[in-house]
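Coordinate analysis (summary)
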Amino acid sequence: MSGTDFLHLAIDEAPSGGKSEWLAQQIRLALADRRLPVGSRLPATRVLAGELGVSRGVVTEAYQRLVEDGYLAGRGRSGTIVVGAPAMTTAAKLPTLASPPSPCSVFTAAPNADVFDVMRTARARIDFSPGLPDLAAFPRAAWLREERRVLDRLAASDLGYGDPRGTPALRVAVANWIARNRGIRADPGEVLIVAGTAQTLTLVGQVLHSDGISAVAIEDPGSLGARQHLHNCQLDTPPVAVDSEGVRVDELRATGAAAIFLTPAHQFPTGVVLRGSRRSELMHWASESGGLIIEDDYDAEHRYDRPPVPALRSVLANNVFYAGSVSKLLAPALRIGWVLAPPKYRDALLDAKRFADLGNAALPQLVLAQIMESGALERQLRHLRRHHRRRRDAMVKAVAAHLPGAVVHGAAAGLHLTITFEAGFADTDVAGAALARDVKVHPLSWHCQRPRQPGLVLGYAASPPTDISEGVAILGEVLGRMS
């Protein structure tokens with residue numbers, strides 16, 4: 001794009017004293033009718049100012065207004081890039097009605113605390129957000145059947161306040177589940193039922209902060225969401241590099257942190273499994289220093305090439321907070337998870353839960369206990385493994401076809417894979433341009449504390465193969481225009 005090709009009118013038709021707003025409006029119209037497609041570069045401010053016969057400040061101010069609206073992004077030597085577009089009807093009214101900020105604006109600055117709320121509400125026809133299972137696969141019939149059974153047997157007294165640790169039935173079911181599937185031997189009395197892993201992080205963060213711990217190291221790249229929860233507990237999160245063997249224990253030692261948050265069975269977002277030698281190093285660090293590990297076992301069951309590795313909790317009970325949930329097996333909306341704490345912190349964690357909410361809602365717990373103990377959850381897991389594997393294969397095939405220069409990471413397990421690519425522009429620009437084309441993705445840089453090769457984190461479990469192929473093809477077009 002060069003010169004004034006995308007403008008309908010001449011600058012001398014602009015109102016006196018309003019040249020910057022006039023220019024911004026003309027660019028909005030060009031964005032809306034796709035004369036300026038997403039991914040294209042605008043002329044340099046000096047070039048456009050010269051062709052229009054105005055000061056460079058007029059163009060700079062117009063561009064800045066559109067950056068603030070979320071339609072443009074300035075990327076240094078890469079120039080000013082289109083990352084979003086208003087609807088035509090909205091753009092046509094802009095002289096009298098201000099345009100609402102585009103959802104693409106979420107990619108123009110460092111992610112805020114509400115970034116995932118914004119992403120969830122952003123409309124996109126194809127959603128590659130990581131962490132989403134196939135919600136259409138929720139076993140509604142089994143859930144309804146067990147719910148009726150629970151209500152038929154429920155005593156009136158069971159509708160009162162219960163144990164803040166969770167219902168005894170679910171704590172027994174969880175203890176049995178993690179013994180069968182994760183090799184963890186635990187008494188039901190050790191199980192604390194929580195509102196998902198997010199609450200685990202908040203409760204554990206409070207307990208550790210109260211115990212004088214000021215930092216919890218975190219994998220880099222590692223979960224932005226986990227980092228946000230720990231920061232909310234006033235804990236620092238020094239980064240520790242992850243390589244092909246897993247977390248770098250030598251870097252962990254160098255941080256001096258007393259605790260670390262890990263996803264060892266399927267590292268988020270790289271998909272690396274913590275290998276045997278690193279597991280041994282980590283165990284030695286924990287044993288010799290009393291180091292603590294928050295183990296997020298978030299999608300360990302979704303393994304496609306071989307059985308999942310044993311949980312760290314199975315060999316380090318005195319040093320590991322073990323967190324699990326049914327968000328990836330059933331649905332995040334259930335808000336049911338569990339945590340096992342080291343003996344030293346068990347009472348403090350229970351107190352934190354008690355004063356947070358007096359315990360989770362009892363009825364869903366009782367239904368889930370029945371689902372787990374009846375074998376229905378194992379059947380659901382077997383179904384999901386086959387189901388998700390087909391979608392994983394569709395995404396790997398689509399990436400090979402439409403993104404031949406991308407490198408795929410972590411495809412052997414989980415509900416997402418990560419791609420990296422060589423580029424002279426930011427992955428946030430790619431994510432913004434993709435969202436404007438109705439495809440929702442996470443930029444890899446969101447989950448990194450230190451500079452890293454650009455990439456995208458692509459969830460595949462929630463999309464049928466046809467959408468996966470189309471969405472990746474769109475990503476290929478976006479990258480092609482930006483390269």
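Residues numbered from 1 in each chain as written. Predicted model: local features only at pLDDT ≥ 70, side-chain atom pairs only at ≥ 80, totals over all residues. Heavy atoms only, no water.

Focus on the overall build of the protein chain
Assigned secondary structure in the protein chain consists of 16 helices and 16 strands. In terms of overall dimensions, the protein chain has a C-alpha envelope of 80 × 55 × 45 Å along the principal axes. Residue burial in the protein chain is summarised as follows: out of 483 residues, 55% are buried. Only carbon and sulfur atoms are counted for the fraction: they give 52% of the accessible area of the protein chain, which is about 20,200 Å². Looking at the protein chain, you have 53 positive and 49 negative side-chain charges, and the mean spots of the two groups are 4 Å apart. (Helix = DSSP H or I, 4+ residues; strand = E, 2+ residues; numbered from the N terminus. Buried < 20%, exposed > 50% of the residue type's maximum accessible area, 1.4 Å probe, protein only. Areas by Shrake-Rupley, 256 points an atom, 1.4 Å probe, with all protein chains shown as cover. Lys, Arg positive; Asp, Glu negative; His and termini not counted. Charge placed at Lys NZ, Arg CZ, Asp CG, Glu CD.)

Regarding the pattern of salt bridges
Here the structure, examined in full by the defined rule, presents 25 salt bridges. Among the salt bridges present, the one from aspartate 117 reaches arginine 120, with a minimum N-O distance of 2.8 Å. Here arginine 120 and aspartate 117 lie together in helix H5 (residues 115-121), a separation of three residues that amounts to about one turn. Here the salt bridges do not stand alone but share partners, grouping Glu21, Arg28, Glu61 and Arg65 into one network. (Salt bridge = Lys/Arg side-chain N within 4 Å of Asp/Glu carboxyl O.)

Observations concerning the nonpolar core
By size, the foremost hydrophobic cluster in this structure holds 65 residues, and its most contacted members are Phe128, Met395, Ile419, Val441, Leu458 and Leu475. Take this core: its biggest share by element is seven residues, from helix H16 (residues 465-482). What leucine 458 contacts, discounting residues up to four positions off in sequence, is Phe128, Met395, Leu415, His416, Leu417, Ile419, Val441 and Leu475. Grouped together as the second largest cluster of nonpolar side chains are 50 residues, Val240, Tyr322, Leu334 and Trp338 included. (Core = buried A, V, L, I, M, F, W, Y, C linked by side-chain atoms within 4.5 Å. Contact = heavy atoms within 4.5 Å.)

A word on the pairing of strand S9 (residues 292-296)
Within S9, five of the five residues are buried, which leaves it mostly tucked inside the rest of the structure. Where burial is concerned, the two faces of S9 agree: the one with Leu292, Ile294 and Asp296 and the one with Ile293 and Glu295 are both buried. Taken together, the four bridges between strand S8 (residues 259-262) and S9 define a ladder with parallel strand orientation. If you follow phenylalanine 261 over to S9, its bridge partner there is isoleucine 294. In this view, the connection linking S8 to its parallel neighbour S9 by way of helix H11 (residues 276-289) has right-handed handedness. Sheet topology places S9 next to strand S10 (residues 320-325); four bridges connect them, and they run parallel. Of the residues in S10, the one forming a bridge with glutamate 295 is tyrosine 322. (Pairing = 2+ DSSP bridges. Right-handed = clockwise from strand over helix to strand, strands pointing away.)

Concerning H16
Compared with the 26 Å implied by 1.5 Å per residue over 18 residues, the 26 Å span of H16 between its first and last C-alpha is a close match. When H16 is considered as a whole, its buried residues turn out to be Ile468, Gly471, Val472, Ala473, Ile474, Leu475, Gly476, Val478, Leu479 and Met482. For H16, the secondary structure elements touched by its buried residues are strand S2 (80-82), strand S3 (126-127), helix H14 (376-402), helix H15 (427-436), strand S14 (439-440) and strand S16 (455-459). (Expected span 1.5 Å × (residues − 1).)

Here's the deal with the confidence of the model for the protein chain
With 93% of its residues at a pLDDT of 70 or more, the protein chain has an overall mean of 89. Every residue in residues 89-101 scores below 50 in pLDDT, and together they form 15 contacts with partners more than four places removed in sequence or on other chains. (pLDDT = per-residue confidence, 0-100.)

Notes on the sheet that holds strand S13 (residues 416-420)
Pairing between sheet strands relies on hydrogen bonds along the backbone, with the strands arranged either parallel or antiparallel. With antiparallel pairing, the four strands of this open sheet are ordered in space as S12-S13-S16-S15. Lying at the two open borders of the sheet, with one neighbouring strand each, are strand S12 (407-409) and strand S15 (442-443). Across three bridges, the pairing between S12 and S13 is antiparallel. Its bridge partner being in S13, valine 407 is matched across the sheet by threonine 420. Packed onto the sheet, H14 meets S12, S13 and S16 and runs at close to 15° relative to S13. (Axes fitted to C-alpha atoms, helices over the stretch in contact; angles between N-to-C directions.)

Let's talk about the environment of arginine 390
Secondary-structure assignment places arginine 390 in helix H14. Using a relative accessible area of 51% as the deciding quantity, one classes arginine 390 as exposed. Measuring from C-alpha to C-alpha, the distance between arginine 390 and tyrosine 460 comes to 9.7 Å, with 70 residues separating the pair along the chain.

Let's talk about the sheet that holds strand S11 (residues 337-340)
Taken in spatial order, the eight strands of this open sheet run S4-S11-S10-S9-S8-S5-S6-S7, and their pairing is mixed. Edge strands, defined here as strands with exactly one partner in the open sheet, are strand S4 (191-194) and strand S7 (246-247). As paired strands, strand S5 (residues 216-220) and strand S6 (residues 239-243) are joined by three bridges and run parallel to one another. When the sheet's bridge partners are listed, isoleucine 218 is paired in S6 with proline 239. On the sheet, helix H12 (residues 346-357) packs against S4 and S11 and is oriented at approximately 25° with respect to S4.

What about the packing of H15 against H16?
Closest axis-to-axis distance for the H15/H16 pair is 10 Å, and the angle between their directions is 125°. Taken together, the axes of H15 and H16 lie oblique to each other. Both H15 and H16 take part in a crossing whose hand is right-handed. In contact with Asp429, Val430, Ala433 and Ala434 of H15, H16 contributes Leu475, Val478, Leu479 and Met482. Here the contact of H15 with H16 is built from residues that sort into seven nonpolar, no polar and one charged. (Parallel < 35°, antiparallel > 145°, perpendicular 65-115°, else oblique. Left-handed = near helix turned anticlockwise from the far one by under 90°. Nonpolar A, V, L, I, M, F, W, Y, C, P; charged D, E, K, R; others polar.)

Quick look at the pairing of S10
On a regular strand, each side chain points to the face opposite its neighbour's, so the side chains alternate between the two faces of the sheet. When you tally the buried positions in S10, you get six out of six residues, the bulk of the element. Here S10 shows two buried faces, one formed by Val320, Tyr322 and Gly324 and the other by Phe321, Ala323 and Ser325. Where S10 lies against S11, four bridges are found, and the strand directions are antiparallel. Bridge pairing in S11 links tyrosine 322 to leucine 340.

Some words on helix H3 (residues 56-69)
Quick reminder: α-helices carry 3.6 residues per turn. Residues three or four places apart thus point the same way. The terminal C-alpha atoms of H3, which comprises 14 residues, lie 20 Å apart, in line with the 20 Å expected from a rise of 1.5 Å per residue. What H3 keeps buried is the set Val58, Val59, Ala62, Tyr63, Leu66 and Asp69. Angular distribution of buried residues about the axis of H3 spans 125°; they occupy a single face of the element. Residues of H3 that are exposed and angled more than 90 degrees away from the buried face: Arg56 and Glu68. Phi for glycine 70, located one or two positions after H3, is positive at around 90°. (Arc of directions from axis to C-beta.)

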